[in-house]
Amino acid sequence: MKNIFTIDTEDWFHANYEDGLFQNSADVKSTVEENTEVYLRILEQYHATATFFVLGFVAEQHPQLVKRIADAGHEIASHGYGHQLVYKQTPEEFREDIHRSKGLLEDIIGQPVVGYRAPSWSITENSFWALDILTEMGFKYDSSIFPFKNFLYGVKGAPRFPYETRKVYGGGIVEIPPSTIKLPGINIPFSGGFYFRALPYFGIHTCAKLVNYESHPVVFYLHPREIDPEQPRLNLSKRDTLIHYFGIKGCQKKFEKVIKNFDCGAIRDVLDLS
């Protein structure tokens with residue numbers, strides 16, 4: 001079965017555990033290009049493609065990186081502009097954020113951008129209004145509603161597999177949730193971020209096969225910083241330090257195993273949403 005790999009293309013400092021953790025400034029050392037190049041090399045080695053949800057600020061600072069990603073056959077989608085939580089924005093602020101991001105990306109690649117993923121999965125019960133704005137702005141799909149609830153994001157009981165948002169939460173686009181496995185009363189994440197880094201590869205592989213057994217593609221996701229043990233460090237609480245940095249040393253090897261053992265492509269191609 002064809003599965004989906006996605007990369008949230010942002011820099012090492014883009015984190016939303018608390019307000020004021022970062023500033024979008026060209027003066028801050030960036031690691032996004034060198035880390036993204038590692039993903040591109042491994043994807044090329046195994047003849048795989050991915051969807052890169054590119055932050056508008058990153059596109060503004062690194063337009064040639066965005067072009068290289070697109071020229072390599074990968075899908076470019078929007079991650080918004082400034083990496084602000086959707087549920088902490090007004091509808092007007094959100095509309096301006098995605099308008100700016102979409103325009104930047106389309107000017108660079110010369111193609112329509114049809115997909116969106118919110119920073120930190122921040123379309124929740126408090127921001128379903130964003131789905132209507134995404135529809136108005138011409139997006140065909142969203143990948144922001146995490147079917148697992150924690151302190152920062154998620155919607156308990158949200159559908160686990162792709163669905164039309166108008167039938168559930170409003171808007172008129174397709175929702176592509178990150179993959180989870182279902183246990184009695186709870187969905188268990190495994191396919192990216194902290195969950196991917198914390199699990200042994202055997203656990204990731206087993207969970208992915210269970211999703212495929214349900215006749216659905218796995219939606220994997222990672223960030224450029226998650227394969228970089230040498231990145232600068234944010235000043236975080238003990239909890240957030242664990243979430244943000246645990247398992248980074250082994251993440252690149254797990255990513256490569258996934259790409260080697262699972263046939264992966266971009267959202268637009270796997271689900272025909274171009």
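See the structure printed just above.
Residues numbered from 1 in each chain as written. Predicted model: local features only at pLDDT ≥ 70, side-chain atom pairs only at ≥ 80, totals over all residues. Heavy atoms only, no water.

Colleague: What am I meant to see in the nonpolar core here?
Modeller: Soluble globular proteins tend to pack their nonpolar side chains together in the buried interior. Core analysis: the largest hydrophobic core is formed by 79 residues, its most contacted members being Phe-5 and Ile-123. In terms of residue count, helix α1 (residues 32–45) provides more of this core than any other element does, six residues in total. In this view, Ile-123 contacts Val-86, Tyr-116, Ala-118, Phe-128, Ala-130, Leu-131, Leu-134, Asp-142, Ser-144, Ile-145 and Val-155; residues no more than four positions away in its chain are not counted. (Core = buried A, V, L, I, M, F, W, Y, C linked by side-chain atoms within 4.5 Å. Buried < 20%, exposed > 50% of the residue type's maximum accessible area, 1.4 Å probe, protein only. Helix = DSSP H or I, 4+ residues; strand = E, 2+ residues; numbered from the N terminus. Contact = heavy atoms within 4.5 Å.)

Colleague: Explain the pairing of strand β10 (residues 219–222) to me, please; I cannot follow it from the model alone.
Modeller: Residues Val-219 and Tyr-221 of β10 are buried on one face, and the alternating residues Phe-220 and Leu-222, pointing to the opposite face, are buried as well. With four bridges joining them, strand β1 (residues 3–9) and β10 adopt parallel strand pairing. Following the sheet pairing, Thr-6 is matched in β10 by Tyr-221. (Pairing = 2+ DSSP bridges.)

Colleague: Honestly, the packing of helix α3 (residues 63–71) against helix α4 (residues 91–109) in this entry has me stumped. Any pointers?
Modeller: The geometry of a pair of packed helices is captured by two quantities: the angle between their axes and the separation between those axes. Packing of α3 against α4 leaves a shortest axis separation of 9 Å and a crossing angle of 65°. For the element pair α3 and α4, the recorded crossing hand is right-handed. Every residue of α4 that contacts α3 at Pro-63, Val-66, Lys-67 and Ala-70 is listed here: Leu-105, Ile-108 and Ile-109. Partitioning the contact of α3 with α4 into residue classes produces six nonpolar, no polar and one charged. (Axes fitted to C-alpha atoms, helices over the stretch in contact; angles between N-to-C directions. Left-handed = near helix turned anticlockwise from the far one by under 90°. Nonpolar A, V, L, I, M, F, W, Y, C, P; charged D, E, K, R; others polar.)

Colleague: Looking at this model, I keep getting lost on the packing of aromatic side chains. Mind explaining?
Modeller: What the rule picks out here adds up to 21 aromatic pairs. A centroid spacing of 5.1 Å and a plane angle of 90° characterise the contact between Trp-121 and Phe-146, whose relative ring orientation is edge-to-face. On the criterion of sequence distance, the pair formed by Trp-121 in the loop between β4 (115–116) and α5 (129–136) and Phe-146 in the loop between β5 (141–142) and β6 (163–164) is long-range, its members being 25 residues apart. Exposure class is identical for Trp-121 and Phe-146. Each is buried. When the centroid spacing of 5.1 Å and the interplanar angle of 40° are considered together, the rings of Phe-146 and Tyr-153 count as tilted. Of the two residues examined, Phe-146 and Tyr-153, each falls in the buried class. Through a chain of ring-to-ring contacts, three or more aromatic side chains come together here, namely Trp-121, Phe-146, Phe-148, Tyr-153, Phe-194, Tyr-195, Tyr-221 and Phe-246. Its guanidinium or amino end placed over the ring of Tyr-81, Arg-100 lies 3.7 Å from that ring's centre, counting from NZ or CZ. (Phe/Tyr/Trp six-rings, centres within 6.5 Å; stacked < 30°, edge-to-face > 60°. Lys NZ or Arg CZ within 6 Å of the ring centre and 35° of its normal.)

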